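Notes for the structure review
So the chains spell out like this:
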Amino acid sequence: MKTDLTLFSRGADAADRPDANRRLLLFGLVSAYTASLVPWAMAQEATDADHGAFLAVSAILVGRQSLDAAHAGRLYAALSADDPEFPAAAKALLELIESRRIDPMQLQQILDDEQSPLKLVPWRIVTAWYMGIVGDGAKARCLAFETALNAEAVSDVLRPPTYAYGAYGSWTRKPT
Amino acid sequence: MADTLSADFVVVGSGIIGSLVARKLALAGASVIILEAGPRVTRAELVARFRNSTRRSDWMSPYPSVEWAPHPIYQPEPNHHIVQAGPYPYAAEYIRQVGGTTWHWAAHAWRNVPNDFRIKSLYDVGVDWPFGYDDLEPFYQEAEELMGVSGADNTGSPRSQPFPMEPVAEPYAMRRLRERLASDYPVVSNTTARNSRVYDGRPACCGNNSCQPICPIDAQYHGGLSADAAEAAGAQLIPNANVYMLEHDEQGRIAAALYYDPDKASHRVTGKTFIVAANGIESPRLLLLSKSDKFPGGLANSSDMVGRNLMDHPSTSLTFDADEDVWLGRGPQSPSSINTMRDGAFRSEHSPYRLDFTNISRVDGATRSLIAAGVYGSELEKRLRYSAAREMNVKNVLEVLPDPERRITLSSETDSMGIPKPQAHYSIDDYTRKGHERSQQDFRRIAELMGGTNLRFSKEGEFANNQHICGTLSMGNDPKTSVCDQWGRAHDHENLFLAGTAVLPTSSTCNSTENGLAVALRSVAHILGQDGAAARGAATGEARA
């Protein structure tokens, strides 16, 4: 597997989605195992290694080959604001996945079983990307709704609530 | 200046019922003041709050409680506005703001079925209403025309005139339910205050799928529109006016409403007739708060019935994965039901119920479940799409019988305005529980007919609440066992009327709003017929002074 500066596009359907032109195309420079999960990985130039690690581990956890750069910056800032240790934790999580070659589907179970101090980190990252929400309880805040990944994941069939599905009666048709 | 306020009619509460009562009185020429505890909030603000919410599945998240008029909040932390006395928690939700709680309803606008009015006579349970279906029928129609109700005739409630609108176009998922369940169950369109065409200047539904907590285009009727209509008819609406006491004169007639503004300055509003329409919890709370030497148990309470017979609709449910893609979330949220168990001889044994299918998008809920289960990587999107496409849910809507032991009282705790909080004494009895048990066979059969797998029944012993608060100011012919007469007039006070779902003597199996509204419109017709001339005369007299 290539580990250097491999560039991926999302395919034709990506062009129809919001922010398609603003996708961050990540460049990779990680170990072979992580790269097999995220073959394009790592931030360009990586002036900030922690941010790069966040992007890489985000890509692994959400199973995406490209992520919006500006939004990634907002999520990273918000997660770091909640927990000054977050940048180091995200990097430690990436290193753990790399060093032990952990499948994303096994990750949470392993962290829970080992009572790892990192056990909440994947949940925070995936919730940020998929729900658009950072933080817990009264400190939670919404950073994305219609561009949260869970809305994008179904955007070929559904509109986010409050957005019109279509003209009156359009919902009677079989979804395709 | 505020202390000089006076009107023919003073209405406490600007929800759908209080506002439409006020509108009808104002159109008849009376002067009307509406006192609303909460603030004005616009539809655009509510849409923005929803989109920015961190709890999009919590319908209350766009409606935060305000300090000068608190209402119950349960997430992220409960504010304990309703003190729970048990044995079963009554987690009621309602909204104190201009327009009230129907800002975030599913707009179900059902009529009772005729036998709902006579369950004591027919089934020896509950009580009979002081009037029958035929007496209420014209007012159901009036309510439906005001709200703009769409529906079909096959729901068990006879009509003398057609629905204002045809049913809203059936979402594909509901069509599949109807087709695949046809051998066993008729799946019918819900009767809803939702536009299937342009109606009253509001557009047809365009499938935003956020009926709860906010329709962004007013294709769905709500109490904010009622409040607008009341003001357009000439009623004066005062927001942020938290009524904490009704005063009476020596004859026991109501003389004034006292309210706190947000700075807790007290104001006094006088009137000829008072109408309390502040919902099934805040209305009895206000009457209980209005104690005096003459009425030590509060107003309208010589029978000790104020706050008693608290009812709602508990639900249990089944979620399953269908064997085909149906993609809930296209079109309105709550389009279809099965009505076959709303009435029958079995009502002498167990609760009747309506079976209700959701069409709420599964995306947020499925995402949370998958993340909580540690599903990460490319599998997350794959499983999310599967759940969003396949998940379906059916719930029962169970009748609760009137029982004086289920009740709202005043707590020794006070709220942020220093006013004693409401306290709920609630329970789920065997009658309702047996209805739940009976419905489980329907749940299983429905899942079977849909090729369902991964059946997830709601936790045994847990009942979700539907926020159809009723019964706490029940109407009836006997002053010893009811709070008001069939016109909503308090047995104890000639010029005090009660309006809202609180006056309903039984809960039946349908959402309480249309019943409450139709009964209130019937009360207003009575008030105007009996007192209309006097009210119109007074409108130009001292009441305007």
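Residues numbered from 1 in each chain as written. Chains lettered and ligands numbered in written order. Predicted model: local features only at pLDDT ≥ 70, side-chain atom pairs only at ≥ 80, totals over all residues. Heavy atoms only, no water.

**Some remarks on the overall build of chain B**
Worth spelling out the cut-off: Helix and strand definitions here come from DSSP, where helices need a minimum of 4 consecutive H or I residues and strands a minimum of 2 consecutive E residues; each element is numbered from the N-terminal end. Note that the radius of gyration is over C-alpha atoms, with the globule rule given as 2.2 Å times the number of residues to the power 0.38. Three exposure classes are used, based on accessible area relative to the maximum for each residue type with a 1.4 Å probe and protein chains only: buried under 20%, partly exposed in between, and exposed over 50%.
Broken down by element type, chain B carries 11 helices and 18 strands. Relative to the compact-globule value of 24 Å for 545 residues, chain B shows a C-alpha radius of gyration of 23 Å, a close match. Across its three principal directions, the C-alpha atoms of chain B cover 70 × 50 × 45 Å. Across the 545 residues of chain B, 65% fall into the buried class.

**Focus on the sheet that holds strand β14 (residues 407-414) of chain B**
All names here are of chain B. Threshold: Two strands are said to pair when DSSP picks up at least two bridges between them. Lines fitted to C-alpha atoms define the axes, with helix axes restricted to the stretch in contact, and inter-axis angles between N-to-C directions lie between 0 and 180 degrees.
Here 3 strands make up an open sheet; going across it, the order is β3-β15-β14 and the pairing mixed. Every other strand in the sheet has two partners, leaving β3 (83-87) and β14 as the edge strands with one partner each. Each strand axis lies, on average, 30 degrees off the axis of its neighbour in the sheet, ignoring direction.

**A few points about the interface of chain B and chain A**
Rules: The contact criterion used is simple: two residues touch if any of their non-hydrogen atoms lie within 4.5 Å. Once two parts are put together, the accessible area they lose, assessed with a 1.4 Å probe and summed over both, is termed the buried area. For this analysis, a salt bridge means a side-chain nitrogen from Lys or Arg found within 4 Å of a carboxyl oxygen belonging to Asp or Glu. Identification of polar contacts relies on pairs of N or O atoms within 3.5 Å, with a donor-acceptor requirement for protein atoms, meaning one able to donate a hydrogen and the other able to accept it, and with residues adjacent in sequence counted only if both atoms are side-chain atoms. Residues were grouped as follows: Ala, Val, Leu, Ile, Met, Phe, Trp, Tyr, Cys and Pro as nonpolar; Asp, Glu, Lys and Arg as charged; and all remaining residues, including Gly, as polar.
At the junction of the two partners, chain B supplies 50 residues and chain A supplies 44 residues. Each partner contributes to the roughly 3900 Å² buried at the junction of chain B and chain A, and carbon and sulfur atoms together form 64% of this total. Taken together, chain B and chain A are joined by 2 salt bridges. B:Arg385 is the partner of A:Asp156 in a salt bridge, and the nearest nitrogen-oxygen pair spans 2.8 Å. For the pair chain B and chain A, the number of links is 20 residue pairs in polar contact (both at pLDDT 80 or more). Residues that form the side of chain B that touches chain A fall into these classes: 23 nonpolar, 16 polar and 11 charged.

**Focus on the nonpolar core**
For soluble globular proteins, nonpolar side chains are generally found buried alongside one another. Put simply, the rule is: Throughout this description, the term nonpolar core refers to a set of buried Ala, Val, Leu, Ile, Met, Phe, Trp, Tyr and Cys residues connected via side-chain atoms within 4.5 Å.
Membership of the largest hydrophobic core comes to 125 residues, with the highest contact counts inside it found for B:Val32, B:Leu35, B:Met147, B:Leu181, B:Leu246 and B:Leu496. For this core, the element with the most residues is helix α11 (residues 512-539) of chain B, which contributes 8 residues. If sequence neighbours within four positions are ignored, B:Leu496 has contacts with B:Leu246, B:Ile254, B:Phe274, B:Val276, B:Leu287, B:Ala300, B:Gly488, B:Arg489 and B:Ala490. In this structure, A:Ala59, A:Ala89, A:Ala153 and B:Ala389 belong to the second largest nonpolar core, which totals 52 residues.

**With respect to helix α4 (residues 86-100) of chain A**
We count it as follows: Any helix carries an expected span of 1.5 Å times its number of residues minus one.
In this model α4(A) runs 21 Å from its N-terminal to its C-terminal C-alpha over 15 residues, within 8% of the 21 Å that 1.5 Å per residue would give. A:Arg101 lies just past α4(A) and shows a positive phi near 55 degrees.

**Things to note about the packing of helix α2 (residues 49-62) of chain A against helix α3 (residues 69-82) of chain A**
Residue and element names in this part refer to chain A. The line we're drawing: Reported orientations rely on four angle classes, namely roughly parallel under 35 degrees, roughly antiparallel over 145, roughly perpendicular from 65 to 115, and oblique for the rest.
Between α2 and α3, whose axes approach to 11 Å, the crossing angle comes to 110 degrees. Overall, the two elements α2 and α3 adopt an arrangement that is roughly perpendicular. On α3, the residues touching Asp50, His51, Phe54 and Leu55 of α2 are Ala72, Gly73, Leu75, Tyr76 and Leu79. Of the residues contributing to the contact of α2 with α3, the split by class is 6 nonpolar, 2 polar and 1 charged.

**As for the packing of aromatic side chains**
This is how the line gets drawn: Aromatic rings from Phe, Tyr and Trp, taking only the six-membered ring of Trp, are treated as a pair when their centres fall within 6.5 Å; an angle between ring planes under 30 degrees marks them as stacked, one over 60 as edge-to-face, and anything in between as tilted. Think of it as a cone above the ring: NZ of Lys or CZ of Arg counts as a charge over the ring if it is within 6 Å of the ring centre and within 35 degrees of the ring normal.
In this structure the tally under the stated criterion is 14 aromatic pairs over all chains. Aromatic pair A:Phe145 and A:Tyr163: ring centres 6.3 Å apart, planes at 50 degrees, arrangement tilted. On the criterion of sequence distance, the pair formed by A:Phe145 in the loop between β4 (141-142) and α7 (149-153) and A:Tyr163 in the segment after α7 is long-range, its members being 18 residues apart. Through successive ring pairs, a cluster of aromatic residues spans B:Phe117, B:Trp129, B:Phe131, B:Tyr133 and B:Tyr140. Cation over ring: A:Arg159 sits above A:Tyr165, and NZ or CZ is 5.9 Å from the ring centre. Across the ring face of B:Phe131, the terminal group of B:Arg522 is positioned such that the distance to the ring centre comes to 4.0 Å.

**Thoughts on unusual backbone geometry**
Residue and element names in this part refer to chain B. Cis geometry marks the peptide bond from Gln75 to Pro76; its omega dihedral reads -5 degrees. If you trace the backbone, Pro76 turns up in the loop between α2 (43-51) and β3. If you check the backbone angles, Asp200 has positive phi at about 55 degrees while not being a glycine. Structurally, Asp200 can be placed in the loop between β4 (187-189) and α6 (223-232). Of the residues examined, Asp200 reaches a relative accessible area of 60% and is grouped as exposed. For Asn279, which is not a glycine, the phi torsion comes out positive at approximately 90 degrees.

**As for the pattern of salt bridges**
All names here are of chain B. Under the definition given, this model contains 44 salt bridges over all chains. Here Arg56 and Asp364 are joined by a salt bridge, their closest N and O atoms 2.7 Å apart. Highlighted residues: Arg56 in the loop between α2 and β3 and Asp364 in helix α8 (residues 363-372), separated in sequence by 308 residues. Look at Arg56 and you get buried, because its relative accessible area is 5%. You can call Asp364 buried: its relative accessible area is 16%. For Asp429, the salt bridge goes to Arg406, with nearest N and O atoms at 3.0 Å. With Asp429 in the loop between β15 (420-426) and α10 (430-449) and Arg406 in the loop between β13 (391-398) and β14, the pair connects residues that are 23 residues apart, well separated along the chain. Take Arg406: its relative accessible area is 2%, and that puts it in the buried class. Members of the salt-bridge network, linked through shared partners, are Arg175, Arg176, Glu179, Arg180, Asp323 and Glu324.

**Re the environment of B:Asp429**
Residues and elements named next belong to chain B. Note on Asp429: relative accessible area 21%, which makes it partly exposed. Distance in space between the C-alpha atoms of Asp429 and Ile419 is 31 Å, their sequence separation being 10 residues. One polar contact links Asp429 to Arg406, side chain to side chain, over a distance of 3.0 Å. In terms of polar contacts, Asp429 uses its side chain to reach the backbone amide nitrogen of Thr432, at 3.0 Å.

**Digging into the confidence of the model for chain A**
Selection rule: Residue-level confidence of the predictor is summarised by pLDDT, bounded by 0 at the bottom and 100 at the top.
Per-residue pLDDT for chain A averages 81, and the proportion of residues at 70 or more is 73%. Low pLDDT (under 50) marks residues 39-46 of chain A, which in the prediction has 32 contacts with non-local residues, meaning those over four places away or in another chain.

**So, the sheet that holds β13(B)**
Strand-to-strand pairing in sheets goes through backbone hydrogen bonds, with the strands running parallel or antiparallel. Residues and elements named next belong to chain B. With respect to topology, 6 strands assemble into an open sheet ordered β4-β11-β12-β13-β10-β16, the strand pairing being antiparallel. Pairing within the sheet leaves two strands with one partner each, and these edge strands are β4 and β16 (453-457). Each strand axis lies, on average, 25 degrees off the axis of its neighbour in the sheet, ignoring direction. Summarising the sheet, strand β10 (residues 317-321) and β16 pair through 3 bridges and their orientation is antiparallel.

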